[in-house]
Amino acid sequence: GSTSCTYLWLGSPALSEIKRFGRFEVQRVLGRGGMGTVYLAVDPLIGRTVAIKEIRVDPSDDERERKELEARFKLEFRAAGTLSHPNIVTIYDVGQGGNSYFIAMEYVAGMSLADHLRTEPKVASGRLCSLASQIASGLDYAHQRKIVHRDIKPANVLMTQDGRPKITDFGLVKMLTSELTMTGTVLGTPAFMSPEQVMGEDVDGRSDQFSFAVILYLMLTGNQPFAADHPSAILYKIVHEAPKPPRTINGLLPLGIDRVVLRGLNKTPSDRYPTCTALAKALTEALNHEPSTHLAESPPRLEAIGDDPDGQPGGDHEKTATLEAETAPLTPANVELDGTLTPTPRNRRRQTPSILKPVAALAFVIGMAALGYVASTFQRNEHLANPLSPPEAAPSSTLIEHSLRVEAGSPGAAILINGEPSGWTVPADIQLRGQVGETILLELTTNNETVARRNLVLASEAPEPWRSSPVTEPMTLEITSQPVGARILIDGRETGLVTPTQHDFAASRDYSLVLRLPGYESVGWTLSLEQLSDAQRQCRCLHFPLSSSMPPGFVIGDAPYRLEVLIDGQKHGPFPTGAPVEVPVAPGRRQITLVAEDVFLSQTSDVEIGSGQRWPMRLPRAVQIRVTANPANCRVSIDGKDVDDTPINNLLIAVGPHDFTFHWPALGKTKHIKKIISRNRKRISASPD
């Protein structure tokens, strides 16, 4: 329920003057958006760090509009507040006061999926499958409770420090039982909207699945499936045009991936997968047919990953737990997705005279109504309505039906057929129907984890019953965690083991595992060898990502040149020249590497960072030097990086020691020298011996 909201103001509402929202004490700003600001705050009652999302209302707004916003606010967070899932940002409290509302929610110390795709577009297939599975799990959890997100996009998926995705900003959700939002209201981000959402029709979880499939398409190919220069053109393509199959863009993808992704992008909701989890499982199965380290050796540059409501990259929509660095003057709207940041000025909008505002609003309504009418009356042909449909098979008389006895796995395990729930559970006699030679994938799942899998080729003879092969031999499993060093308890007793380690497990019995690491939440799991997933059996390993129970520390400073920050090898940035840097770091001993290739800088420090500690970067200044050689026809490399032919004037380089290599191709001679750069305008010169 709502609580009263108390504000303490000292004059005008400047950043430093806001002291608290209700009982929550504000620490600093996390980001600003079009409707309000996001703050980092602390709940003094229990010492919990939270993110406060403030939504400010213009006092001059029409009373009817304000009441509608208030009703939507109450409905939105009454719905979102019921969600409790490891892949959904938790809502703790809401309040209202004056011209503002606030939402206190879980603070996620990390970047969004959109930021990760900008800085690290090369996604390993295994990592992609893991992300898809977890995002799907969170969406299906909400859909089971009749809650639709309506704005699924990379910027609304936050990434924890251990790489776990969390869906945030249920700002456009709607209870399916509510009539508040009128049919025909179009809400969402154009590039990720479903056809039914564009047309103003009623939506359910399959609309979120379509948006989820757009994200998968983007991660697989680097391109948007419905790209265009104008939002209206994007909306038209979503409703009327089939996207290119992913393999036509990224030829390294497996053969089955087109069928999976295009089914998720089907124009007709009933022709999509029954759940987002079914889509994620089908994706995993398709990618596992052709395992590879990365989906693309030379990944295509990401395009149109924008999240602005007008379809442009970036946008000022507030983010629950992103960093101040993301809200610097160079916003995500100015990010080139090959990893560089360049300022791109936006056209200044002319102020619309107040007398024209009703006219503009009426024109927009008429335009959207016309679009909806055209969309609803447009005769979809079979290819556009169902772009994943395969070519019609030649008529065949080999259609057969068999009954299969399934006794594998543990009793109660769910049976999936071709990635979709069948409604049967173990043990069962299931019915299989298809053509001779057709392959059917059978899976058994327990707690949404695949415990057994079988590819069955239909033949004229009935298949043999599927029964478990009992595990009779002990198995040695490797137990790992991220971060390492967690104590391992088995059946409630200390083992003296810490991760990573190996342990022998006997067959035909259950074990209770608990991992504990100071500063991190404990994790536990009950297992038996028979219930291990296929992947766990193959690698003979158990991996536990640990979530920090303490607020992170931060690496802070200003970038005097284009800079990348690596925390234990994980890259953050690049940050442009002059941009503020604030990178969250899990408490503990960390290896911090600062890299600026433009000025030949790479320095590494081992640092102990405490919870809430702010570690300032100490970066050397960059100076200009001149590099010459005699004879002048000489190629120069600095710190192993090829630079140019001499003479080289006004070359920027970080103060400190550097290795210079001079090579004279005509003479076949090379000379290496070490120099400490300490002042501006220094001249570095060499001659062959």
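What you are looking at is a predicted structure, and each value in this text was computed from that prediction instead of being measured.

Q: Looking at this model, I keep getting lost on the overall build of the chain. Mind explaining?
A: Along the chain, the regular secondary structure elements total eleven helices and 40 strands. A total of 689 residues make up the chain; the buried ones form 47% of that total. Sequence separation of at least 24 residues holds for 61% of the intrachain contacts in the chain that already meet a minimum separation of 6.

Q: Explanation requested: helix 8 (residues 276–288) in the structure shown.
A: Structurally, the α-helix is built with 3.6 residues per turn, so residues lying three or four positions apart point the same way. Given a rise of 1.5 Å per residue, 13 residues ought to cover 18 Å, and the 18 Å separating the end C-alpha atoms of helix 8 matches this to within 8%. Among the residues of helix 8, those classed as buried are Cys276, Thr277, Ala278, Leu279, Ala280, Lys281, Ala282, Leu283, Glu285, Ala286 and Leu287. Tucked inside the fold, the buried residues of helix 8 contact helix 3 (125–144), helix 5 (205–221), helix 7 (257–264), strand 15 (414–417), strand 18 (439–446) and strand 19 (449–457).

Q: Can you help me understand the sheet that holds strand 30 (residues 580–585) in this one?
A: Strand pairing in a sheet relies on backbone hydrogen bonds. The paired strands run either parallel or antiparallel. Spatially, three strands are ordered 30-27-33 in an open sheet, and the strand pairing comes out mixed. The strands lining the two open edges of the sheet, one partner per strand, are strand 30 and strand 33 (614–616). Put simply, the sheet's adjacent strands are angled 25° from each other on average, direction ignored. As paired strands, strand 27 (residues 553–558) and strand 33 are joined by three bridges and run parallel to one another. Bridging across to strand 33, Phe554 finds its partner in Arg614.

Q: It is not clear to me how the nonpolar core should be interpreted in this structure. Could you clarify?
A: In summary, soluble globular proteins display a tendency toward joint burial of nonpolar side chains. Counting 53 residues, the largest nonpolar core has Leu113, Phe212, Leu220, Ile257, Leu265 and Leu283 as the members making the most contacts within it. If one sorts the elements of this core by residue count, helix 5 sits on top with ten residues. Apart from residues no more than four positions distant in its own chain, Ile257 is found in contact with Leu220, Pro246, Arg247, Leu283, Ala286 and Leu287.

Q: When you look at the environment of Ala278 in this model, what are you seeing that I'm missing?
A: Position of Ala278 relative to the elements: it lies in helix 8. Residue classification places Ala278 among the buried residues on the basis of a relative accessible area of 2%. Excluding anything up to four places from it in sequence, Ala278 contacts Tyr273 and Gly419.

Q: Would you mind showing me how to read the confidence of the model for the chain here?
A: For residues with low pLDDT, the predicted coordinates do not support detailed interpretation. Across the chain, the average pLDDT comes to 74, with 72% of residues at 70 or higher. Low pLDDT (under 50) marks residues 1–17, which in the prediction has 38 contacts with non-local residues, meaning those over four places away or in another chain. With pLDDT under 50 throughout, residues 290–366 is counted as low confidence; its partners more than four residues away or in other chains account for 162 contacts.

Q: Even after reading the chapter, I still don't get the packing of aromatic side chains, so can you show me in this structure?
A: Between two aromatic rings, the relevant description is the distance of the centres plus the angle of the planes. One pass over the full model with this rule turns up six aromatic pairs. Judged by centre distance (6.2 Å) and plane angle (70°), the rings of Phe24 and Phe102 are edge-to-face. In this pair, Phe24 is assigned in strand 3 (residues 24–32) and Phe102 in strand 7 (residues 100–106), connecting sequence segments 78 residues apart. With a relative accessible area of 1%, Phe24 lands in the buried category. Phe102 sits in the buried class, given a relative accessible area of 0%. Note on Phe210 and Phe226: the rings are 5.9 Å apart at their centroids and 15° apart in plane angle, and the pair reads as stacked. Highlighted residues: Phe210 in helix 5 and Phe226 in the loop between helix 5 and helix 6 (231–240), separated in sequence by 16 residues. We note that Phe210, like Phe226, is buried. Grouped by ring-pair contacts, the aromatic residues Phe21, Phe24, Tyr39 and Phe102 constitute a single cluster. Over the face of the ring belonging to Phe554 we find Arg28, whose NZ or CZ atom lies 4.7 Å from the ring centre. The aromatic ring of Tyr273 is capped on one face by Arg263, whose charged end is 4.2 Å from the ring centroid.

Q: How should I be thinking about the environment of Asp504 in this particular structure?
A: As for its position among the elements, Asp504 is in strand 23 (residues 501–505). The exposed category is assigned to Asp504, whose relative accessible area is 52%. C-alpha of Asp504 to C-alpha of Leu477: the two residues are 27 residues apart in sequence and 6.4 Å apart in space. Here the side chain of Asp504 touches Thr476 through a polar contact of 2.4 Å, side chain to side chain.

Q: What am I meant to see in the sheet that holds strand 38 (residues 656–664) here?
A: Overall, antiparallel pairing links the four strands, which are arranged 36-35-38-39 in an open sheet. Across the chains shown, the open sheet's two edge strands, defined by having one partner strand only, are strand 36 (641–645) and strand 39 (669–677). Each strand axis lies, on average, 25° off the axis of its neighbour in the sheet, ignoring direction.

Q: What is the right way to look at the side chain of Asp140 in this model?
A: Locating Asp140 in the fold gives a position in helix 3. A distance of 3.0 Å separates a polar side-chain atom of Asp140 from the backbone nitrogen of Cys276. Sequence-distant contacts of Asp140, that is, excluding residues within four places in its chain, are made with Thr275, Cys276 and Thr277.

Calculation notes
Residues numbered from 1 in each chain as written. Predicted model: local features only at pLDDT ≥ 70, side-chain atom pairs only at ≥ 80, totals over all residues. Heavy atoms only, no water. Helix = DSSP H or I, 4+ residues; strand = E, 2+ residues; numbered from the N terminus. Buried < 20%, exposed > 50% of the residue type's maximum accessible area, 1.4 Å probe, protein only. Contact = heavy atoms within 4.5 Å. Expected span 1.5 Å × (residues − 1). Pairing = 2+ DSSP bridges. Axes fitted to C-alpha atoms, helices over the stretch in contact; angles between N-to-C directions. Core = buried A, V, L, I, M, F, W, Y, C linked by side-chain atoms within 4.5 Å. pLDDT = per-residue confidence, 0-100. Phe/Tyr/Trp six-rings, centres within 6.5 Å; stacked < 30°, edge-to-face > 60°. Lys NZ or Arg CZ within 6 Å of the ring centre and 35° of its normal. Polar contact = N/O pair within 3.5 Å; in protein donor to acceptor, adjacent residues only side chain to side chain.

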